[in-house]
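Residue strings, one per chain:
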Amino acid sequence: MTRDCGVSAMVFAALVVFAPKPARPQGATPAAADATALYALLRQTTVDPRQVYIVHGAKIERGGAKFFFDRGLVALFAPVGGEVTGAVFSGEGEVLLIPPNPVEKRNLNQFIGAPILEEHFVSAFMRFTDQTAQEILAQARRPGPDDPEAPAGFVEYWDTVARRFDPAYAGPILAGLFGDRSKPFFQSQLEGVEFGTFQITDDERLPEALSVGAVRMAGGRAFADLWCSFPSRPSEPLGVEAGMGAARVMSYKLDILIHPDNRLEGRAELELLSLSENARALIFQLARGLKVTAARYGQGQSLAIFQDESRQPTGSLVEGGFLTVLPAPRPPGTRYHLTFDYQGQVITDVGNGVLYVGAHDSWYPNFGIQSPATFDLTFRYPDHLALVATGVPVEEEMLAGGMKRSRWVSKTPLPVAGFNLGSYVSRERDVGSTKIEVYATREAESALERRRNVPTMEIIPQERGRVPPMPERTIRAIPTPLSPAALMDRVADRAVEAVEYFQSLFGPFPYPRLAISQIPGEFGQGWPELVYLPTFYFLPGRERAEVSPVSKGSDLEMETLLAHEVAHQWWGNEVGWKTYHDQWLSEGFASYAAAMFLARREGEKKFGELLKQYRRELLAKNQTGATIESGGPIWLGERLSTSLNPRGYNDIVYKKACWVLHMLHVLMAGPESGSDQRFIKMLGSFVAAYQGRSPSTEDFIRHAEKYMPKAMDLDHNGRLDWFFKDWVYGTGVPAYKLETKTRRLSGGRLDVEGTIEQTGVPEGFEMLVPVVAVYEKNRKVKLGLVPVGDSGGRFQFVVASRPHRVTVDGDDLLAAIE
Ligand SMILES: [Zn+2]
């Protein structure tokens, strides 16, 4: 492809050039005292007009992505602390990348229409902590008198771009300079000829170092579409533990003062364990509304803090957080302390005594959920408020000046800690030695009251033509204020039932207590020992319908909300997940546990309706005309919500995973054993085996295999890979078509024979298809499981009497049945 990019057409005149200053060899770590000065410089670093070069056939390779700078101009950034951290290119270039596995190839194809990235670009903006500058310089030359002239405005244009992005890059680059230098960072923004602006990153600090993506808009929202993502070294196992690797936090001691105007002032004392012998940069998450005012190392040495100030998402590691640099690296295995003072606004008064803690997981300097830590939380707050937090309440006292103090200590390490407060009233229940508490406000937040639109008077319609006419009658409705607290007992009872039921499935409740607290907003969350439930969950059905943002069709989902969050105590909190690929182990199990709870409370019929609703949602078409389900495999986790499939994560990781677990349940029960025991034993022993740990999808598969009946061993190798390859690592909902013949046997019995044809799924898709005979009044008799693959399946059953029809059991299989 040839394209006039504007650079080559121009002629170089007398461009005054200076010899570049010799830069210090890249890779040496700057001195600690330099951090603040370096950061200030990084925030305004830009292209060096004296470092403009001609490239012709230059090439670099990053994590398997090959960049060709066919012809054009390159400018290097001015060195900062002796290091060049950026370069820009205008001209003709090309990038080539082949994803190493079918899942990533398929995902890439979805975004660009090809499984391989092969794109021409006209410009590249690169920031890095690696050898990019040296590599390019070695393949570049100074412009000579015969070279085309640099296009007017080349340096000025890139200067503007560099300065615009500096605040976003200052943190990540600084983290790289003070991090493990054997794990560099490289990021390029390319202006592609076909695909527009997109980004290729090779961040060796991440387990999936190589990623390609772009920001795209859909329905007025910006999505960071990740086209592909994988480890840059082929030997690297997929799904290794995420995190910066410099340290892990062992304990948090938080002292929080909440002022009457809801302003928060905090001190966080952290004990860390060093994991790296040369990394000194540590990144913490902290809500944007909070500002770190002081940081200390050990007994008092003050540390510099570099807080993300970007208002927009930048996608960088420091986004919505801060970075600090230790005075010196700590030998691996040693422990040290950090103290942070911070303050700001994260609590909002949403009216009628309802407060909202907007930053559930970043109201303290959070190092990440991957390493559980112990928490010792002390809160001081106005005494008219009730406060509830993770951990066990160990102290509470009244203070002078209308304030109160309470302290909460976690007995076991938790992935995250939270709190909630308001003008609450509460209820308590006991389930064995577990205390269940429910907290709700007497009134609902103002926004819900406003959303409510209650008719105050209704005229009863009359039959026309009646003689004599009836007098007109009216019913008056006097709207009473919404009162979440009114139904607290019902919520408490429901929670007790859920805890009891889940204990019978998954083993003992993992914590000494469970607090269920009302929050304004539209979703729930299941933190360890602390469940957040939206206000509308606490309202009676009719009032809920008046104010609930959840559409009418989702009443069933509403029914499962509390149970889902309670189930997270086992799935998500007691047992974590290894990487984003494995998050379905938390959300899928919480959803399936909630569906099982629905079946138990409301009957199998409701359970069936819920799963049918999930199936409809998965098979619904998105804007591109493809089904929601086809957006990608469960294994892609949060990456499933994209501009092409905005609800992908929610529908696939919650709802498809719920179906997958139901099918696993059905297949494990099978006609062979006919009981739930195998599946339930499998779940309980999984929780016991992975208590306090973060299992991967593979861990779960290996565990499930120990409990599979013989009939499930489709590949005769004792493995369940066939099942998970279809349903977790793959996409596609099969369609089945049956042909049956019945033949009368002696003794009045019937022989039912038939074939099953499978379509709509990728080659190699295998399934054990449940076949049922349907009799009068829709009574179903399970006949058996039929192995079906690319070439279809055959079955033969003997039945006692002639059924209305023989079909695939649509209640037990996520499929389209013809
Ligand atoms: Zn959940």
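These numbers were taken from a predicted model, which means no experiment stands behind them.

Caption draft 1: The overall build of the protein chain, seen in detail. Of regular secondary structure, the protein chain possesses 14 helices and 38 strands. In the protein chain, buried positions account for 54% of the 818 residues. Total accessible area computed for the protein chain in this model is approximately 35100 Å², and 52% of it derives from carbon and sulfur atoms.

Caption draft 2: Quick peek at helix H4 (residues 154–177). Helix length check: H4, at 24 residues, gives a terminal C-alpha distance of 28 Å against a target of 34 Å (1.5 Å per residue), a shortfall beyond 12%. The largest bend in H4 comes to about 60°, at Asp166, with the proline Pro167 one to four residues further on.

Caption draft 3: The arrangement of the sheet that holds strand S38 (residues 816–817) in detail. Spatial ordering of the open sheet is given by S36-S33-S32-S38, a layout of 4 strands whose pairing is mixed. In the strand order of this sheet, the two ends are held by strand S36 (793–799) and S38, each with one partner. As judged from the 2 bridges shared by strand S32 (residues 735–744) and S38, these two strands associate in the parallel manner. Paired with Tyr736 across the bridge in S38 is Ile817.

Caption draft 4: Summary view of the coordination of the zinc ion. All of the protein donors around the zinc ion are His564 (NE2), His568 (NE2) and Glu587 (OE); their distances to the metal are 2.0 to 2.1 Å. Here the donor residues of the zinc ion are spaced in sequence according to H-x3-H-x18-E. With His568 in the loop between helix H8 (555–567) and helix H9 (584–602) and Glu587 in helix H9, the pair connects residues that are 19 residues apart, well separated along the chain. On the accessibility criterion, His568 (7% relative accessible area) is buried.

Caption draft 5: Expanded view of the sheet that holds strand S22 (residues 392–399). Taking strand neighbours across the sheet as the criterion, the 8 strands line up as S14-S13-S17-S11-S10-S20-S23-S22 in an open arrangement whose pairing is mixed. Since the sheet does not close on itself, it has two edges, and those belong to strand S14 (301–302) and S22, each with one partner. Two elements, S22 and strand S23 (residues 403–409), share 7 bridges in a ladder whose sense is antiparallel. The partner of Leu399 across the bridge, within S23, is Met403.

Caption draft 6: Focus on the nonpolar core. Formed by 178 residues in total, the largest nonpolar core has its most connected members in Phe379, Phe419, Phe502, Ile516 and Met767. Met767 has contacts with Met663, Leu667, Leu714, Trp722, Phe723, Asp726, Trp727, Tyr736, Val786, Pro787, Val788 and Leu813, leaving out every residue within four places of it along the chain. Counting residues in each nonpolar core, the second largest holds 66 residues, with Leu117, Ala170, Ile173 and Leu177 among its members.

Caption draft 7: Representation of the pattern of salt bridges in the model. Using the criterion set out here, one finds 45 salt bridges in the structure. For Glu602, the salt bridge identified is with Arg601, shortest N-O distance 3.1 Å. Looking at Glu602, the relative accessible area reads 34%, which means it is partly exposed.

Caption draft 8: View of unusual backbone geometry. Here Asn262, not a glycine, exhibits a phi torsion of approximately 75°, which is positive. The topology assignment puts Asn262 in the loop between strand S10 (247–258) and strand S11 (264–274). A positive phi angle, near 60°, is found at Asn778, a position not held by glycine. Assignment of secondary structure puts Asn778 in the loop between strand S34 (767–774) and strand S35 (780–788).

Caption draft 9: How the structure looks around the environment of His662. Within the element layout of this structure, His662 appears in helix H11 (residues 648–673). For His662, a relative accessible area of 6% corresponds to the buried category. In this structure, the C-alpha to C-alpha distance between His662 and Met596, residues 66 residues apart in sequence, is 9.2 Å. Polar side-chain contacts of His662 include one of 3.2 Å to the side chain of Tyr592.

Caption draft 10: Examining the side chain of Asp809 more closely. Mapped onto the elements, Asp809 comes out in the loop between strand S37 (805–808) and S38. Accessibility expressed as a relative area gives 3% for Asp809, which makes it buried.

Caption draft 11: Representation of the packing of aromatic side chains. In the structure shown here, the tally under the stated rule is 53 aromatic pairs. Here the aromatic rings of Tyr252 and Tyr364 are separated by 5.2 Å at their centres, their planes lie at 80°, and the arrangement is edge-to-face. Here Tyr252 is found in strand S10, whereas its partner Tyr364 is found in the loop between strand S19 (355–357) and strand S20 (374–382), with 112 residues between them in sequence. Tyr364 carries the same exposure label as Tyr252, and that label is buried.

Caption draft 12: View of the pairing of strand S12 (residues 281–285). The buried fraction of S12 amounts to 4 of the 5 residues, a majority that puts the element mostly inside the structure. One ladder, built from 5 bridges, connects S12 with strand S16 (residues 321–325); its direction is antiparallel. Of the residues in S16, the one forming a bridge with Leu282 is Thr324.

Caption draft 13: Region of interest: the packing of H8 against helix H10 (residues 604–619). Close contact between H8 and H10 brings their axes to 10 Å; oriented N to C, the two are set at 110°. When the axis of H8 is compared with that of H10, the two are roughly perpendicular. The hand of the H8/H10 crossing is left-handed. When H8 is examined against H10, the residues Leu556, Glu557 and Thr560 are found in contact with a partner set consisting of Lys606, Glu609, Leu610, Gln613, Tyr614 and Glu617. Here the residues of the contact of H8 with H10 are counted per class, giving 3 nonpolar, 2 polar and 4 charged.

Caption draft 14: How the structure looks around the side chain of Glu208. With respect to the helices, strands and loops of the structure, Glu208 is situated in the loop between strand S7 (196–203) and strand S8 (210–218). This buried residue, Glu208, is left without a salt bridge; Arg639 holds the nearest opposite charge, at 4.4 Å. One polar contact links Glu208 to His581, side chain to side chain, over a distance of 2.6 Å. Setting aside residues up to four positions removed in sequence, Glu208 forms contacts with Ser229, Phe230, Pro231, Tyr580, His581 and Arg639.

Caption draft 15: Inspection of the packing of helix H6 (residues 488–506) against H8 at higher detail. Closest axis-to-axis distance for the H6/H8 pair is 10 Å, and the angle between their directions is 50°. Relative to H8, the element H6 is oriented oblique. When the axes of H6 and H8 are compared, the crossing they make is right-handed. Note on element contacts: H8 touches H6 through Glu559, Leu562, Ala563, Val566 and Ala567, opposite Val491, Arg494, Ala495, Ala498, Val499 and Phe502. Of the residues contributing to the contact of H6 with H8, the split by class is 9 nonpolar, no polar and 2 charged.

Caption draft 16: Highlighting the environment of Arg802. Mapped onto the secondary structure, Arg802 falls in the loop between S36 and S37. Separated by 50 residues in sequence, Arg802 and Val752 have C-alpha atoms that sit 9.2 Å apart. With residues near it in sequence (within four places) discarded, Arg802 still touches Thr742, Arg744, Leu750 and Tyr775. Engagement of the side chain of Arg802 in a polar contact is seen with the side chain of Thr742, the distance being 3.0 Å.

Caption draft 17: Geometry of the environment of Ser302. Structurally, the position occupied by Ser302 is in strand S14. For the pair Ser302 and Phe340, spaced 38 residues apart in the sequence, the C-alpha separation amounts to 10.0 Å.

Caption draft 18: Looking closely at H9. Helix length check: H9 (19 residues) gives 25 Å between terminal C-alpha atoms against 27 Å at 1.5 Å per residue, within 8%. With 16 of 19 residues buried, H9 is to be regarded as a mostly interior element. Positioned one or two residues after H9, Gly603 has a phi angle of 100°, which is positive.

Caption draft 19: How the structure looks around the confidence of the model for the protein chain. Overall, the prediction assigns the protein chain a mean pLDDT of 87, with 87% of residues at 70 or greater. Segment residues 237–243: pLDDT under 50, and 14 contacts once partners within four positions in sequence are set aside and those in other chains are kept. Between residues 461–469, whose pLDDT stays under 50, and residues either more than four places distant or in other chains, the model counts 4 contacts.

Conventions adopted
- Residues numbered from 1 in each chain as written.
- Predicted model: local features only at pLDDT ≥ 70, side-chain atom pairs only at ≥ 80, totals over all residues.
- Heavy atoms only, no water.
- Helix = DSSP H or I, 4+ residues; strand = E, 2+ residues; numbered from the N terminus.
- Buried < 20%, exposed > 50% of the residue type's maximum accessible area, 1.4 Å probe, protein only.
- Areas by Shrake-Rupley, 256 points an atom, 1.4 Å probe, with all protein chains shown as cover.
- Expected span 1.5 Å × (residues − 1).
- Bend = angle between axes of the 7 residues up to and from the residue.
- Pairing = 2+ DSSP bridges.
- Donors = N, O, S within 2.8 Å, 3.2 Å for Na, K, Ca; no water.
- Core = buried A, V, L, I, M, F, W, Y, C linked by side-chain atoms within 4.5 Å.
- Contact = heavy atoms within 4.5 Å.
- Salt bridge = Lys/Arg side-chain N within 4 Å of Asp/Glu carboxyl O.
- Polar contact = N/O pair within 3.5 Å; in protein donor to acceptor, adjacent residues only side chain to side chain.
- Phe/Tyr/Trp six-rings, centres within 6.5 Å; stacked < 30°, edge-to-face > 60°.
- Axes fitted to C-alpha atoms, helices over the stretch in contact; angles between N-to-C directions.
- Parallel < 35°, antiparallel > 145°, perpendicular 65-115°, else oblique.
- Left-handed = near helix turned anticlockwise from the far one by under 90°.
- Nonpolar A, V, L, I, M, F, W, Y, C, P; charged D, E, K, R; others polar.
- Lys, Arg positive; Asp, Glu negative; His and termini not counted.
- pLDDT = per-residue confidence, 0-100.

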